[in-house]
Amino acid sequence: MPHRVEILLVDDSPEDVELTIRELRRHKLANDIQVAEDGPEALDFLFCRGAYKDRPLGAPPKLVLLDLKLPKIDGLEVLKAIRADERTKAIPVVILTSSKEQKDLIKGYDLGVSAYVQKPVDFVQFSEAVRQIGMFWMLLNEAPPPGAFGAGKAQGA
């Protein structure tokens, strides 16, 4: 089986990235975390383009943690691209953002986000939110089997 990144963390805040990774590792929820600092880098990683062209497309991350306020391409556009492609549409995507905008919440769910979590500003609450997200998506959630979308259809065509 190809090497599989457990979590793709898409966030341009170094402090939030550091804290998120630390909490996921502290609770032994993920070892292999890839960080993308903007929308294009996230899409390149997911679709094996550019700097990630040698990454196998058949090994998507188990979870994408996606901030909305990103440079170049915002998180909602990244989500839209993920859900539009058969190869990536089943990847759980959790929006983890500081946005309190109701329009962002509505648009996220309209585009097919798996969950929407507002980043707590309090350190302890932020840590607990990351722990709970990791516990559910990495340990409890039953993901579709590899090839259930896209790749399986292409082989049967």
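Not measured: the values here are computed from a predicted model.

Novice: Where do I start with the pairing of strand β3 (residues 63–66) in this structure?
Specialist: Residues in a regular strand point their side chains to alternate faces of the sheet. Here β3 shows two buried faces, one formed by L63 and L65 and the other by V64 and L66. Strand direction decides the pairing type here: strand β1 (residues 7–10) and β3, joined by 4 bridges, are parallel. Pairing of V10 across the sheet is with L66, part of β3. The pairing of β3 with strand β4 (residues 93–97) spans 3 bridges and is classified as parallel.

Novice: Explain helix α3 (residues 75–84) to me, please; I cannot follow it from the model alone.
Specialist: Think of an α-helix as 3.6 residues a turn; residues three or four steps apart then line up on the same face. Every buried residue of α3 is accounted for by G75, L76, V78, L79, I82 and R83. The buried residues of α3 occupy an angular sector of 155° when projected down its axis, which confines them to one face. Buried residues along α3 sit in contact with α2 (39–46), β3, β4 and α4 (102–110). Measuring from the backbone nitrogen of L76 back to the side-chain oxygen at the start of α3 gives 3.1 Å, which picks out D74 as the cap.

Novice: What should I look at first to understand unusual backbone geometry in this one?
Specialist: Among all residues save glycine, negative phi is the norm, and among peptide bonds the norm is trans. Phi at K28 takes a positive value of approximately 55°, unusual for a residue other than glycine. You can see K28 is positioned in the loop between α1 (14–26) and β2 (33–36). Relative accessible area serves as the criterion here: at 71%, K28 is assigned to the exposed category. Positive phi, normally seen in glycine, also occurs at K72, with a value near 75°. Among the structural elements, K72 can be located in the loop between β3 and α3. Given a relative accessible area of 71%, K72 falls into the exposed group.

Novice: What's the story with the confidence of the model for the chain in this structure? I'm lost.
Specialist: One rule of thumb: low pLDDT means the predicted coordinates there are not for detailed reading. Residue-level pLDDT values for the chain average 89, and 89% of them are 70 or greater. Looking at the elements of the chain, mean pLDDT is at its lowest for helix α6 (residues 151–156), recorded as 41, and at its highest for α3, recorded as 98. This model gives residues 151–157 a pLDDT under 50, and the stretch forms 2 contacts once residues within four places in sequence are excluded.

Novice: Help me understand the nonpolar core, please; the structure alone is not making it clear to me.
Specialist: The nonpolar side chains of soluble globular proteins are, as a tendency, buried together. L8, V10, L46, V64 and L66 are the most contacted members of the largest nonpolar core, which has 23 residues in total. The set of elements that each furnish at least two residues to this core consists of β1, α2, β3, α3 and β4. Once residues within four sequence positions are removed from consideration, L46 is found in contact with L8, R55, L57, P61, V64, I82, T88 and I91. Listed in part, the 19 residues of the second largest apolar core include V17, I33, L96 and A115.

Cut-offs applied
- Per chain, residue numbering runs from 1 following the sequence as it is written.
- Local features in a predicted model are, by the rule used here, given only for residues with pLDDT of at least 70; side-chain atom pairs are given and counted only at 80 or more, and totals for whole chains, interfaces and linings are based on all residues.
- Side-chain figures throughout are based on the complete set of non-hydrogen atoms in the structure, without hydrogens or water.
- Exposure is judged per residue with a 1.4 Å probe applied to protein chains only, and the accessible area is read against the type maximum: over 50% gives exposed, under 20% gives buried, and values in between give partly exposed.
- Only DSSP runs of H or I covering at least 4 residues are called helices, and only runs of E covering at least 2 are called strands; the numbering of each starts at the N terminus.
- When DSSP locates at least two bridges between a pair of strands, those strands are taken to pair.
- Arc definition: it is the arc formed by the directions from the helix axis to the C-beta atoms.
- Contacts are assigned to residue pairs with any non-hydrogen atoms lying within 4.5 Å of each other.
- Polar contacts, as counted here, are pairs of nitrogen or oxygen atoms within 3.5 Å of one another; within protein the pair requires one atom able to donate a hydrogen and one able to accept it, and residues that are adjacent in sequence qualify only if both atoms are side-chain atoms.
- Looking at any residue, its pLDDT shows the predictor's confidence there, from 0 to 100.
- Nonpolar cores were defined as sets of buried Ala, Val, Leu, Ile, Met, Phe, Trp, Tyr and Cys residues, with membership established by side-chain atoms within 4.5 Å.

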